[in-house]
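Here are the chains, one letter per residue:
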Amino acid sequence: KVSPSAVGIVCYKGEERKVTMGTGTGIIINTDGYIATNSHVIGDSKTAYVVDVVLADGNTYEAKVVGIDTRTDLAVIKIDAKNLVPAEFADSNLASIGEDVIAVGNPGGMEFQNTLTRGVISAKDRTLDLSTQVKYIQTDAAINPGNSGGPLCNLYGQVIGINSAKISSEEYEGMGFAIPSRTVKEVVDDLIKQGYVSGRVKIGIMGTAVTATEAMYNNIPQGIMISEVIKGGPCDNGKVKAGDIVVSLDEYEIKSFNDIFTALTNYSEGDKATLKVYRPDIEDYVEIEIVLQADR
C-alpha cells in the first residue's frame with residue numbers, strides 16, 4: 001500500500017549531475033507533487049543541491065524546494081507531476097509501544113529502492129540532541145543511510161512518522177528514530193502554505209557551539225560563539241559582536257543551538273530579552289537587551 005507513495009531522492013552538486021551529494025527517501029503527501037522528507041537530506045538548504053525525485057515506477061523528476069525547517073529536520077519539495085499516489089497518515093498519538101511497524105526507504109541509495117524493514121515501536125516521546133523541537137518515536141526496525149525522510153508505518157500502511165535518525169555505533173543495535181506524524185503534519189502544512197513555520201521567533205545570529213573540551217582548553221565558557229550577526233536582525237544593534245559567546249537568554253542557560261531554540265519557544269514576536277555574552281577580548285561578561293523578531 002505505501003510503496004507507491006515512497007520516493008527516492010538524489011541530490012547532485014550542479015546541473016551536470018556528475019557528483020552525487022547524497023540520497024534519501026520522501027513521502028508523497030498529495031496528488032499534485034508535494035513530497036515530505038528530512039531537511040538534512042537536501043542539505044538543509046533551498047539552493048545547495050540539484051534535487052531529483054525517483055518514483056516507485058522509475059520515472060525521474062527534478063524537484064524544487066518549497067520550504068525547510070531545520071529545527072524539526074523536515075522539508076517539503078515539489079515535482080511537476082499529476083495523479084500521484086499520496087500516503088495515508090495516521091495520528092501518531094494513537095500509536096503504542098510494542099505495536100508492529102514497517103519502514104520503507106532506499107538504504108544505501110537507489111540500488112535498494114523501496115526496501116521494507118519491520119520492527120516494533122520501542123518507545124515514544126524520546127528527545128535527542130538533534131532537535132529539542134521533536135519528541136521522537138523510537139523503533140528497532142532497521143533504519144539505514146538512505147532511509148532518512150521515508151515513512152514509518154503501522155500495519156495498515158498508514159504513516160505514523162518520518163524516519164530521521166539512528167544511533168550508529170558498535171555498542172548499539174536497533175535504535176532508530178522517527179518524527180511523529182502529528183509534528184510532520186503541522187510543519188508540512190505551514191511549509192506548503194507559506195514556506196516557513198508560524199509562531200517562531202529568532203535572535204539573528206550565526207555561530208558554532210563551544211564544546212566542554214574547547215571551553216576548558218581556551219579558558220572560556222560553553223555557549224554559542226557568534227561568527228556573524230544577521231543584518232537587520234534582533235542582535236544587529238551595534239552592541240553584539242562577532243566573537244562574543246552567548247551563555248544565556250534571560251534565565252535560560254545556552255550551551256547549544258537547541259538550548260536557544262528551546263528557550264525561544266517561550267517568547268513571541270516583539271518580546272524583549274536580555275542576552276548575556278562572554279567577550280574574550282575583555283575577558284568579561286556583557287548583558288545586552290534585544291527585541292525578538294518573527295522567524296520566517
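Predicted model only: the values in this text are computed from it and were never measured. (Residues numbered from 1 in each chain as written. Predicted model: local features only at pLDDT ≥ 70, side-chain atom pairs only at ≥ 80, totals over all residues. Heavy atoms only, no water.)

### With respect to the sheet that holds strand S3 (residues 34-37)
Taken together, six strands build a closed barrel; the order of strands is S1-S2-S3-S6-S5-S4 and the barrel is antiparallel. Looking at each pair of strands side by side, their axes are set apart by 40° on average, direction ignored. Where strand S1 (residues 6-12) meets strand S2 (residues 20-28), seven bridges bridge the pair, whose relative direction is antiparallel. Opposite Val-7, over in S2, you have Gly-26 as the bridge partner. (Pairing = 2+ DSSP bridges. Helix = DSSP H or I, 4+ residues; strand = E, 2+ residues; numbered from the N terminus. Axes fitted to C-alpha atoms, helices over the stretch in contact; angles between N-to-C directions.)

### With respect to the packing of aromatic side chains
Considering all chains together, one arrives at four aromatic pairs under this definition. Note on Tyr-136 and Phe-177: the rings are 6.4 Å apart at their centroids and 80° apart in plane angle, and the pair reads as edge-to-face. In this pair, Tyr-136 sits in strand S10 (residues 131-139) while Phe-177 sits in strand S13 (residues 176-180), placing the two residues 41 residues apart along the sequence. Judged by its relative accessible area of 0%, Tyr-136 falls in the buried class. Exposure remark for Phe-177: the relative accessible area of 2% places this residue in the buried category. Directly above the aromatic system of Tyr-34 lies the positively charged group of Lys-78, at a separation of 5.3 Å from the ring centroid. (Phe/Tyr/Trp six-rings, centres within 6.5 Å; stacked < 30°, edge-to-face > 60°. Buried < 20%, exposed > 50% of the residue type's maximum accessible area, 1.4 Å probe, protein only. Lys NZ or Arg CZ within 6 Å of the ring centre and 35° of its normal.)

### A short note on the nonpolar core
Nonpolar side chains in soluble globular proteins tend to be buried together. Ranked by size, the top nonpolar core spans 24 residues in total, and within it Leu-74, Val-76, Tyr-136, Ile-162, Ile-179 and Val-184 carry the most contacts. Where this core is concerned, the elements lending two or more residues are S3, strand S6 (74-79), strand S8 (100-105), S10, strand S12 (158-166), S13 and helix H1 (181-194). When residues of this core are assigned to their parent elements, the largest contribution, four residues, is made by H1. (Core = buried A, V, L, I, M, F, W, Y, C linked by side-chain atoms within 4.5 Å.)

### Focus on the pairing of strand S17 (residues 245-249)
A large share of S17 lies buried, amounting to five of its five residues. Taken together, the two bridges between strand S16 (residues 223-229) and S17 define a ladder with antiparallel strand orientation. The residue of S17 that forms the bridge with Ile-224 is Val-246. Inspection of the sheet shows S17 paired to strand S18 (residues 252-253) by two bridges, in the antiparallel sense. Across the sheet, residue Ser-248 finds its bridge partner in S18, namely Glu-253. Between S17 and S18, which pair antiparallel one after the other, the connecting turn spans two residues, and Asp-250 there sits at a positive phi close to 50°.

### Observations regarding unusual backbone geometry
For Asp-44, which is not a glycine, the phi torsion comes out positive at approximately 50°. Position of Asp-44 relative to the elements: it lies in the loop between S3 and strand S4 (50-54). One non-glycine residue, Asn-83, lies in positive phi territory at about 55°.

### Section: the pattern of salt bridges
Tallying each qualifying case throughout the model produces 11 salt bridges. Note that Arg-118 is salt-bridged to Asp-100, the shortest N-O span being 3.4 Å. Of this pair, Arg-118 sits in strand S9 (residues 115-128) while Asp-100 sits in strand S8, and the two are 18 residues apart along the sequence. According to the relative accessible area criterion, Arg-118 is exposed, its value standing at 54%. Its salt-bridge partner being Asp-189, residue Lys-185 comes within 3.0 Å of it at the nearest N-O pair. Highlighted residues: Lys-185 and Asp-189, both in helix H1, separated by four residues, approximately one helical turn. Overall, the relative accessible area of 37% leaves Asp-189 in the partly exposed class. (Salt bridge = Lys/Arg side-chain N within 4 Å of Asp/Glu carboxyl O.)

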